Amino acid sequence: MNKHTELLKRRLTSGLLSLALVTAALITSAGAVQAQPPTSTKSAPTSTATAGCAHLRAALKTMKPGKAACMDKVAAVPDTAAVKHWQRSLTVAPGAVPCQLGQLALDRTSSCYEEFTTYRVIQVPGGAVVGTGTIGVASTTALDTESRTWRHNVRLGLLDATGVVAIGTTANVSLDCTTGTTGGNPPCTAVGGGVQSLPYPTTNVDYPFSVTSPNVTYPSWDQYTHSPTPILTVFNPAATEQAPPGRMSQAGQVRCDSTPYVSSRAGGCVYPAYTPTYSISVHDPLVDQVAWHILWAQQNLNNAWGVEGVGPALHRTTSRDVINANRRTACPRSRHRPPGTSCDEYPFASSYEGASRNADYSWHMVPRDQNSREGGSDYRLKFYRDNRVLDHDAFWVHIVR
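Described below are features of the structure shown in this document. (Residues numbered from 1 in each chain as written. Predicted model: local features only at pLDDT ≥ 70, side-chain atom pairs only at ≥ 80, totals over all residues. Heavy atoms only, no water.)

**Some remarks on the layout of surface pockets**
Computed from the structure, the largest pocket encloses a volume of approximately 580 Å³. Lining the largest pocket are 27 residues, and of these Ile323, Arg327, Glu345, Ala349 and Arg380 lie nearest its centre. (1 Å grid on protein atoms, 1.4 Å probe; cavity = no way out; pocket = protein on both sides within 12 Å on 5 of 7 lines; lining within 4 Å. Points joined across faces, edges and corners; volume = space filled by probe spheres on them.)

**Topic: the sheet that holds strand β16 (residues 268–270)**
An order of β12-β15-β16 is seen for the three strands of this open sheet, with the pairing classed as antiparallel. Edge positions in the sheet fall to β12 (223–226) and β16, since each has one partner strand and no second. Strand-to-strand, the axes of this sheet are offset by a mean angle of 25 degrees, without reference to chain direction. Pairing between β12 and strand β15 (residues 254–257): four bridges, direction antiparallel. Bridge pairing in β15 places histidine 226 opposite valine 254. (Pairing = 2+ DSSP bridges. Helix = DSSP H or I, 4+ residues; strand = E, 2+ residues; numbered from the N terminus. Axes fitted to C-alpha atoms, helices over the stretch in contact; angles between N-to-C directions.)

**Section: the pattern of salt bridges**
A complete count under the given rule lists 11 salt bridges for this structure. The salt bridge involving aspartate 72 is made with arginine 120; its shortest N-O contact spans 3.2 Å. On the criterion of sequence distance, the pair formed by aspartate 72 in strand β3 (residues 66–73) and arginine 120 in strand β5 (residues 110–124) is long-range, its members being 48 residues apart. For lysine 382, the salt bridge identified is with aspartate 386, shortest N-O distance 2.6 Å. On the criterion of helical spacing, the pair formed by lysine 382 and aspartate 386 is a turn pair, its members being four residues apart in helix α8 (residues 380–386). Via salt bridges that share partners, Arg108, Arg255 and Asp393 belong to a single interconnected network. (Salt bridge = Lys/Arg side-chain N within 4 Å of Asp/Glu carboxyl O.)

No statement about biological role is implied by the geometric values presented.
Spelled out as structure tokens, the structure:
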């Protein structure tokens, strides 16, 4: 272990004990996540970064001679070749959402937040800047719908470094699991991160974490929420006073559950802020007649139920009483059923928008095998399980034509 790494580790040990004092120097902006089309969900930033440089300059006259470091969140990203190269380097795993600068992008099981912070080393006294660098930060998450453990990665890149910052800069990334819990549920645990050098010219440095929601006894109806927050600490050997840790952007609120009607015994996790879409096709011979009926209903009822951007979302119900009441209302035994058919209703009986609670519904006789298949484990039930659609969760319905 070199002396710089040892100094940083001692700094981290003492810094974590005074985290409450550190957070007094943080700037916080927050926003609520809203459901968007299937590619991503965007929100206002929920990050905090140290207001260190303004605070540091105000305190120069009271500080011992030497060099002091500070960090500031970047309001406007520099239009430089290094920054553009960094952004192009943020490759996206198959099926994951792409990163978006200054916005939380997420779907049901993945997220990314890209941001930048400026790191400076300043001469004390006098205030002359003796080194600067822009640090790119990309925080990505890959949830698992069949496990309460997921992967979180923070990627750093030192860009456009000058002076002393270009030499010997290192960074530690930890993950604060105490944020974002609701209802008194216990926090998640995170393993990973640590101290690494930030090479210049730029080489991306990854800080992988394994994050776990507390286990529960199966079956369980408890739902735990977590919003792990990366904590960034940067160290430079030329600085006699190091910058305090900075809280970066959260990766969105994760919900973990072990609900028996959607779950393996291990449970799983999703982003509940993202509304998933159930899709079937009129060209699928196994369910085409059901698909045509749904399409007709969406186009002819007073409301385009389940059509994203046009009509209201549907909300799953797991109540047998509600499901049976919806079926009795839409498809009573008195309706004549030709041989080989059964009565299909829309909105679905397994939604709170079903016929017993909503007079704006449609029914139609469709092939019995198609009706059973569409609601079964290869289609809608699979969709519910794959996306961990719990009771009262919203979802869209898309018919491929």
